Amino acid sequence: MAAFPDVDRIKFEGPKSTNPLAFRVYDENELVEGKPMKDHLRFSVAYWHTMRGTGADPFGPGTMVRPWEGPEDTLDNAINRVKVAFEFMEKLGTPFYCFHDRDVAPEGETLAETNKNLDAVVAALQQEQERTGIRLLWGTANLFSNPRYMHGAATSCNADSFAFAAAQVKKALEVTKQLGGEGYTFWGGREGYQNLWNTDMKREVDHLGAFMHMAVDYAKEIGFTGQFYFEPKPKEPTKHQYDFDAANCINFLRAYGLEDHVKLNIETNHATLAGHTVEHELEYAGMQGFLGSVDANTGDLLLGWDTDQFPTDVYLSTKIMLAFLKYGGLAPGGVNFDAKVRRESFEPVDLFHAHIGGMDTFAAGLKVAAAIRADGVLEGMVKDRYSSWDSGIGAEIEAGKHGFASLQNYMLAKGDVTPNVSGRQELFENVVNRYIF
Ligand code: XUL
Ligand code: CO
């Protein structure tokens, strides 16, 4: 029985459409910079929010109406949920999904039983993947919900928690490989601390480095060639997460010799929690060669936590797509909607409204970004701003021909700098707006 009987395949109907169950901008086969939109955007549904989000918050229980869910999280229920997930994704037209091991299958009494449950659900996932052609963008392990991870997993003071986490990631890598996953993500979970008095930070971070090496080694051993991602987040659930922001993660990866194996998965709401913009995080990762994938969502200007709302802002999606186009595109990453419907949006159809909005917003961002790039006006203005580096003393400095002494001689002879020109921030902002309205 269909879980969404009133929804057909969501179609592109163009900007004039007022059909709430249609795309107005996302036309998967439309070519942008010579490539179909669907290959640029590589949309992915996050199983944990879309299939497992209950709407619970610290003040009250779940609100979501999900008629396909049984009263208990049994294996049968989990397998049935896989069919619902794929019906949803097929109707939506997203080519990818992402999951944590514990999103898809219930935990058993023992690790062995848990792994058996996971195998059974993975078989169902594999079947549905084959039936629909929908693929796994990345897999990951939930190393934060079970109380055994209360002090963290790889960074726990309890060595057994590290060992359990290792066993869990080993299994998660195996099933990710089995499902043809194109990547594997490490998000910190509880890898961080609440209070430095009881924390040996050096030991914890060393352990995280060792843990990630074990994952890289094991991937090699089993022939998993997908891309590893590290996902920055500054706080929540811990006060200070070790994967704080892009710069912090890149330093960690270099310090522990992981830079050739791991790129970053940047999430908008995590960037803003860190006091950055997402475009800052993307640009920083990009210029360092670490740009991997994006968890698409947005926070709330007035709320200081990870609200994980669906993105609806074309400025935001434009900035994200500009960064990815500049650094060679998203593949093998994608636009993964790590976003949840609001607690008040409790009907199944709201899942469609949320994703359709996010997909149209990113499709619009892609088109605006491509138009900005095609014109080259913005790029030309930036280039002009730095033109003092293209010839004369600037070019000589960049070519490594100078030191402090020769520059002192240059300046003594010249007397003072060539006058500065305006930064024209407002004009730059207006130029961007030309492509939006
Ligand atoms: C948590 C978060 C995670 C990761 C995957 O804030 O973003 O869902 O994306 O573990
Ligand atoms: Co995320």
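Residues numbered from 1 in each chain as written. Chains lettered and ligands numbered in written order. Predicted model: local features only at pLDDT ≥ 70, side-chain atom pairs only at ≥ 80, totals over all residues. Heavy atoms only, no water.

## Quick word on the nonpolar core
Definition in use: Put simply, buried Ala, Val, Leu, Ile, Met, Phe, Trp, Tyr and Cys residues joined by side-chain atoms within 4.5 Å make one nonpolar core. Residue exposure (1.4 Å probe, protein chains only): buried if accessible area is under 20% of the type maximum, exposed if over 50%, otherwise partly exposed. Runs of H or I in DSSP of at least four residues are treated as helices and runs of E of at least two as strands, each being numbered from the N terminus. Contact criterion: two residues are considered in contact whenever any of their non-hydrogen atoms come within 4.5 Å of each other.
In this structure, Leu41, Tyr97, Leu125, Phe230 and Leu264 are the most contacted members of the largest nonpolar core, which totals 102 residues. Looking at which element gives the most residues to this core, the answer is helix 12 (residues 348-375), with 11 residues. Residues contacting Leu41, with those up to four places away along its chain left out, are Tyr26, Met321, Leu330, Gly334, Val335, Phe362, Ala363 and Leu366.

## A short note on empty space enclosed by the protein
Defined as follows: Both site types are read off a 1 Å grid over the protein atoms alone. A 1.4 Å probe that fits but cannot get out defines a cavity, while an open set with protein on both sides within 12 Å along at least five of seven lines defines a pocket; lining residues have an atom within 4 Å of a point. Grid points are joined across faces, edges and corners, and a volume is the space filled by probe spheres set on the points. In the scheme used here, Gly and all other residues not listed as nonpolar or charged are polar, with Ala, Val, Leu, Ile, Met, Phe, Trp, Tyr, Cys and Pro taken as nonpolar and Asp, Glu, Lys and Arg as charged.
Taken as a whole, this structure holds 1 cavity of 30 Å³ or more when the rule is applied. For the largest cavity, the lining is made up of 13 residues, of which Leu143, Phe186, Trp187, Gly188 and Glu191 are closest to its centre. Mapped onto the lining of the largest cavity, the elements with two or more residues apiece are strand 8 (183-187) and helix 7 (201-222). No other element matches strand 8, which puts 4 residues into the lining of the largest cavity. For the lining of the largest cavity, the residue count by class is 9 nonpolar, 3 polar and 1 charged.

## A few points about the packing of aromatic side chains
Inclusion rule: Whether two aromatic rings pair depends on their centres lying within 6.5 Å, for rings of Phe, Tyr and Trp, where Trp uses its six-membered ring; planes under 30 degrees apart make the pair stacked, over 60 edge-to-face, and the rest tilted. To sit over a ring, a charge needs its Lys NZ or Arg CZ within 6 Å of the ring centre and within 35 degrees of the ring normal.
In this structure the tally under the stated criterion is 22 aromatic pairs. Judged by centre distance (5.2 Å) and plane angle (90°), the rings of Phe4 and Phe352 are edge-to-face. Here Phe4 is found in the segment before strand 1 (11-12), whereas its partner Phe352 is found in helix 12, with 348 residues between them in sequence. Taken individually, Phe4 and Phe352 each receive the classification buried, so the pair is uniform in this respect. With centroids separated by 5.4 Å and ring planes inclined at 20°, the aromatic side chains of Phe43 and Phe337 adopt a geometry described as stacked. Remark: Phe337 occurs in strand 14 (residues 335-337) and Phe43 occurs in strand 5 (residues 43-46); sequence separation between them is 294 residues. Through successive ring pairs, a cluster of aromatic residues spans Phe23, Tyr26, Phe43, Phe310, Phe337 and Phe362. Looking at Arg148, its charged tip hangs above the ring of Tyr149, at a distance of 5.8 Å from the centre. The ring centre of Phe164 lies 3.7 Å from the NZ or CZ of Arg148, which sits over that ring.

## Focus on the coordination of the cobalt ion (ligand 2)
As a reminder, the rule being used: Any N, O or S atom lying within 2.8 Å of the metal counts as a donor, and for Na, K and Ca the limit rises to 3.2 Å; water is left out, so some sites can look incomplete. Just to be clear on the cut-offs, tetrahedral is four donors with all angles between 85 and 135 degrees, square planar is four donors and octahedral six with opposite donors over 155 degrees apart and all others between 65 and 115, and anything else goes down as irregular.
Taken together, the protein ligands of the cobalt ion (ligand 2) are Glu231 (OE), Glu267 (OE), Asp295 (OD) and Asp338 (OD), with distances of 2.0 to 2.1 Å. Between the 6 donor atoms coordinating the cobalt ion (ligand 2), the angles at the centre fall across 80 to 171°, so the site counts as octahedral. Along the chain, the residues donating to the cobalt ion (ligand 2) are arranged with the sequence spacing E-x35-E-x27-D-x42-D. On the criterion of sequence distance, the pair formed by Glu267 in strand 12 (residues 262-267) and Asp338 in the loop between strand 14 and helix 12 is long-range, its members being 71 residues apart.

## Let's talk about the site of ligand 1
Note the threshold: The rule for a residue being near a molecule or strand is that one of its heavy atoms must lie within 4 Å of it. For the purposes of these results, a polar contact is taken to be a pair of N or O atoms within 3.5 Å, where, inside protein, one atom must be able to donate a hydrogen and its partner to accept one; residues adjacent in sequence count only when each atom of the pair is a side-chain atom. The protein chains shown are the only cover counted for residues, whose accessible areas, like all others here, come from Shrake-Rupley with a 1.4 Å probe.
Around ligand 1, the structure places Trp48, His100, Trp138, Trp187, Glu231, Lys233, Glu267, His270, Asp295, Asp306 and Asp338. The contact in question runs from an oxygen atom of ligand 1 to an N or O atom on the side chain of Trp48, over 3.2 Å. Glu231 places a polar side-chain atom, nitrogen or oxygen, 2.7 Å from an oxygen atom of ligand 1. Against a free-state accessible area of 290 Å², the protein chains account for coverage of 93% of ligand 1. Among the residues making up the shell around ligand 1, the classes are represented as 3 nonpolar, 2 polar and 6 charged.

## Re unusual backbone geometry
With an omega of 10°, the peptide bond between Glu236 and Pro237 qualifies as cis. With an omega of 5°, the peptide bond between Ala331 and Pro332 qualifies as cis. Despite not being glycine, Glu33 shows a phi value in the positive range, around 45°. Note that Glu33 resides in the loop between strand 3 (31-32) and strand 4 (35-36). Exposure remark for Glu33: the relative accessible area of 42% places this residue in the partly exposed category. Notably, Arg424 is not glycine yet its phi reads approximately 50°, a positive angle.

## Concerning the side chain of Glu281
The condition is simple: As used throughout, the charge tally considers Lys and Arg to be positive and Asp and Glu to be negative, leaving His and the chain termini uncounted. Should a side-chain nitrogen of Lys or Arg be within 4 Å of a carboxyl oxygen of Asp or Glu, the pair is scored as a salt bridge.
Inspection of the secondary structure puts Glu281 in helix 10 (residues 278-287). No salt bridge is formed by the buried Glu281; the nearest opposite charge belongs to Lys235, separated by 13 Å. Those residues in contact with Glu281, other than ones at most four positions away along the chain, are Pro232, Asp245, Ala246, Ile266, Ala271 and His276.

## Examining the layout of surface pockets
We count it as follows: Domain start and stop points were drawn from an automatic or database domain assignment.
Size it by volume and the largest pocket reaches roughly 1,400 Å³. Considering the residues around the largest pocket, the lining is formed by 46 residues, among which His49, Ala56, Asp306, Asp308 and Lys340 are closest to the centre. For the lining of the largest pocket, the secondary structure elements donating two or more residues are helix 2 (47-50), helix 4 (101-104), strand 7 (135-140) and strand 8. The leading source of residues in the lining of the largest pocket is helix 2, at 3 residues. Volume-wise, the second largest pocket comes out at about 1,100 Å³. Residue assignment for the lining of the second largest pocket shows that the elements contributing at least two residues are helix 10, helix 11 (314-326), helix 12, helix 13 (377-385) and helix 16 (425-434). The dominant element in the lining of the second largest pocket, judged by the number of residues it contributes, is helix 11, at 6 residues. Tallied by class, the residues present in the lining of the second largest pocket amount to 9 nonpolar, 3 polar and 8 charged. Residues from two domains meet in the lining of the second largest pocket; each of domain 1 (27-375) and domain 2 (393-436) gives at least three.

So, to be careful, I would describe these as geometric facts and stop short of saying anything about function.
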